[in-house]
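Each chain is listed here by its residues.
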Amino acid sequence: MGPSIAILGTGSYAPAKIVSNHDLSRLVDTSDEWITTRTGIRERRIAGQHEPTSELAARAGIAAIVDARLTSADIDLVVLATVTPDMPMPSTACVVQHKLGIPVHAACFDLNAACTGFLYALEVARALLVAGRGRHALVIGAEKFSGFLDWQDRATCVLFGDAAGAVVLGRAVDSRHGLLGCNLGAEGGATDLLCIPGGGSLHPPSAHSVEHRQHYIKMKGREVFKSAVRVMAGAAREILEQHRLTADQITCVIPHQANRRIIETLSKDLEIPLERFVINLDRYGNTSAASIPLALDEARRAGRIHAGDISLLLAFGAGLTYGSALIRW
Ligand code: ACO
């Protein structure tokens, strides 16, 4: 067992531009009623032309550093979870390092686990700190999904939004507090449920890939819905059992924000009242890797998390990846 690692600060950023369901109904054949009843989403934020993922990430990152009462000079590691990087290469983490003036000794890299990306990044950063690779890690989930949405496909373009969330990790003052555990997994046979097929080595960018709209997200919504409930409920039960905790000891659940009905089903399945779930997808939609750190930051700043509380973080995403984490504050 290494030292206990804790979240020392949180931050988030969402672009200013709000796009409502009504706005979308002027673009594709949809309605506020359909989107609200099927998903719970009312509006989402869309980043401007000069706001790439690195910009959203840097703003969330500096907010987390300030919240931790540190400066950029204190950061030894940057792990950035995203599926919408500024460019395939170099990593968006390096761009953020430069924007924030984080020292050159810091290791900086991106990580892709889709909507589970933040939990993967949290665990990787925790393990690197425990292994002695620095004192403080900046862990960011950031997405500019609007650039990868097919604005002619009503089944997907209404679901996603742009945002970033971040945390700073460091030694816990009290070893009983901090990140208690994290379980990660993947069902790699389900890659076709949710993917952006074009732009990689399988289907490199070409006139054909553009013509066939392969650079946009494709999703089998119903199947993703069912898998999401199954893997998140399983991940929750597993981690609670491992830590000998019961559902009533969890004061706050921060699930990936994809669909309100998924969260309601989880609440029933796990017998944890819906009031204990943090839900902000009505205002942001699904922001992929940004969704959990954004919800976590909002919950903390709204006074929903107190010293001694135990929070459960739950995620699923393309891959199909999934994960759970427990934090004692
Ligand atoms: N407006 C109006 N009608 C629509 C819209 C829309 N925006 N989108 C789809 N429809 C229509 C469909 O065409 C279909 O019409 P049809 O019956 O005439 O064929 C009908 O509505 C029902 O479509 P379904 O896809 O069966 O609707 P469902 O109730 O399953 O809801 C939804 C769809 C909201 C996508 C749901 O399946 C869902 O939330 N799935 C999970 C998605 C998710 O979590 N994705 C994020 C993954 S995380 C990541 O890694 C990125």
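Just so we're clear, the structure is a prediction, and the values are computed from it rather than from any experiment. (Residues numbered from 1 in each chain as written. Predicted model: local features only at pLDDT ≥ 70, side-chain atom pairs only at ≥ 80, totals over all residues. Heavy atoms only, no water.)

### Quick look at the domain arrangement of the protein chain
Next up, step 1: On domain assignment, one finds that the protein chain holds domain 1 (5-175) and domain 2 (179-328).
Next up, step 2: For domain 1 versus domain 2, the separation of C-alpha centres amounts to 14 Å.
Next up, step 3: Each side of the interface is counted separately: domain 1 has 54 residues, and domain 2 has 45 residues.
Next up, step 4: The largest share of the area that domain 1 buries against domain 2 comes from Cys115, Leu119 and Tyr120, three residues that together contribute 16% of it.
Next up, step 5: Residue Asp150 is joined to Arg213 by a salt bridge in which the shortest nitrogen-to-oxygen separation is 2.9 Å.
Next up, step 6: If you look at where domain 1 meets domain 2, you find 23 residue pairs in polar contact (both at pLDDT 80 or more).
Next up, step 7: Secondary structure elements with two or more residues in the side of domain 1 that touches domain 2: strand 1 (5-13), helix 2 (32-39), strand 3 (43-45), helix 3 (53-67), helix 5 (117-130), strand 6 (137-144), helix 6 (154-157) and strand 7 (162-171).
Next up, step 8: For the side of domain 1 that touches domain 2, the class distribution of residues is 27 nonpolar, 16 polar and 11 charged. (Domains from an automatic or database assignment. Contact = heavy atoms within 4.5 Å. Buried area = accessible area lost by both parts, 1.4 Å probe. Salt bridge = Lys/Arg side-chain N within 4 Å of Asp/Glu carboxyl O. Polar contact = N/O pair within 3.5 Å; in protein donor to acceptor, adjacent residues only side chain to side chain. Helix = DSSP H or I, 4+ residues; strand = E, 2+ residues; numbered from the N terminus. Nonpolar A, V, L, I, M, F, W, Y, C, P; charged D, E, K, R; others polar.)

### A few points about helix 11 (residues 291-301)
Next up, step 1: For helix 11, the buried fraction is high: eight of the 11 residues fall into the buried class.
Next up, step 2: Regarding helix 11, the residues found buried are Ser291, Ile292, Pro293, Leu294, Ala295, Leu296, Asp297 and Ala299. (Buried < 20%, exposed > 50% of the residue type's maximum accessible area, 1.4 Å probe, protein only.)

### Structural notes on the pattern of salt bridges
Next up, step 1: The final tally for this structure, using the stated rule, is 14 salt bridges.
Next up, step 2: In this structure, the salt-bridge partner of Asp23 is Arg26, at a minimum N-O distance of 2.8 Å.
Next up, step 3: Note on Arg26: relative accessible area 65%, which makes it exposed.
Next up, step 4: Taking the shortest distance from any N to any O, the salt bridge between Glu187 and Arg230 comes out at 3.0 Å. Here Arg230 lies in helix 8 (residues 221-242) and Glu187 lies in the loop between strand 8 (178-186) and strand 9 (194-195), a separation of 43 residues in the sequence.
Next up, step 5: By relative accessible area, Arg230 is classed as partly exposed at 47%.

### Structural notes on the sheet that holds strand 5 (residues 107-111)
Next up, step 1: As summarised here, the arrangement of the five strands in space is 1-7-6-4-5, forming an open sheet in which the pairing is mixed. Of all strands in the sheet, those bounded by a partner on one side alone are strand 1 and strand 5. Shown here is a sheet whose adjacent strand axes are inclined to one another by a mean of 15°, direction ignored.
Next up, step 2: Sheet analysis places strand 6 next to strand 7, joined by eight bridges and oriented antiparallel. By the bridge assignment for strand 7, Ile140 is matched with Ala166. (Pairing = 2+ DSSP bridges. Axes fitted to C-alpha atoms, helices over the stretch in contact; angles between N-to-C directions.)

### Looking at the site of the ligand
Next up, step 1: Taken together, 27 residues lie around the ligand, and Thr30, Arg38, Cys115, Asn259 and Ala318 are the ones closest in.
Next up, step 2: Thr30 is positioned with one of its side-chain polar atoms (N or O) 2.6 Å from a nitrogen atom of the ligand.
Next up, step 3: Trp34 places a side-chain nitrogen or oxygen 3.4 Å from a nitrogen atom of the ligand.
Next up, step 4: Taking 1000 Å² as the accessible area of the ligand by itself, protein coverage stands at 76%.
Next up, step 5: Listed by contribution, the elements that provide at least two residues to the shell around the ligand are helix 2, helix 6, helix 8, helix 9 (260-270) and strand 12 (310-317).
Next up, step 6: At four residues, the largest contribution of residues to the shell around the ligand is made by helix 8.
Next up, step 7: Taken together, the residues that form the shell around the ligand break down as 15 nonpolar, seven polar and five charged. (Near = heavy atom within 4 Å. Areas by Shrake-Rupley, 256 points an atom, 1.4 Å probe, with all protein chains shown as cover.)

### Description of the side chain of Thr92
Next up, step 1: Within the secondary structure, Thr92 is located in helix 4 (residues 92-100).
Next up, step 2: In this structure, Thr92 is in contact with Thr53, Ser54, Leu80, Pro85, Asp86 and Asp110, ignoring residues within four places of it in sequence.

### Side note on a positive patch on the surface
Next up, step 1: Among the surface-exposed residues, Arg38, Arg222, Lys226 and Arg261 lie close enough to one another that they form a single positively charged patch.
Next up, step 2: Within the fold, Arg222 resides in helix 8. (Patch = residues over 30% accessible without salt bridge, like charges linked within 9 Å, V, L, I, M, F, W, Y side chains within 5 Å. Lys, Arg positive; Asp, Glu negative; His and termini not counted. Charge placed at Lys NZ, Arg CZ, Asp CG, Glu CD.)

### Things to note about the side chain of His136
Next up, step 1: Its place among the elements puts His136 in the loop between helix 5 and strand 6.
Next up, step 2: Only 3.1 Å separates the side chain of His136 from the backbone oxygen of Asp74, close enough to count as a polar contact.
Next up, step 3: Contact partners of His136, with chain neighbours within four places excluded, come to Leu8, Leu70, Asp74, Ile75, Asp76, Leu77, Leu129, Val168, Leu169 and Gly170.

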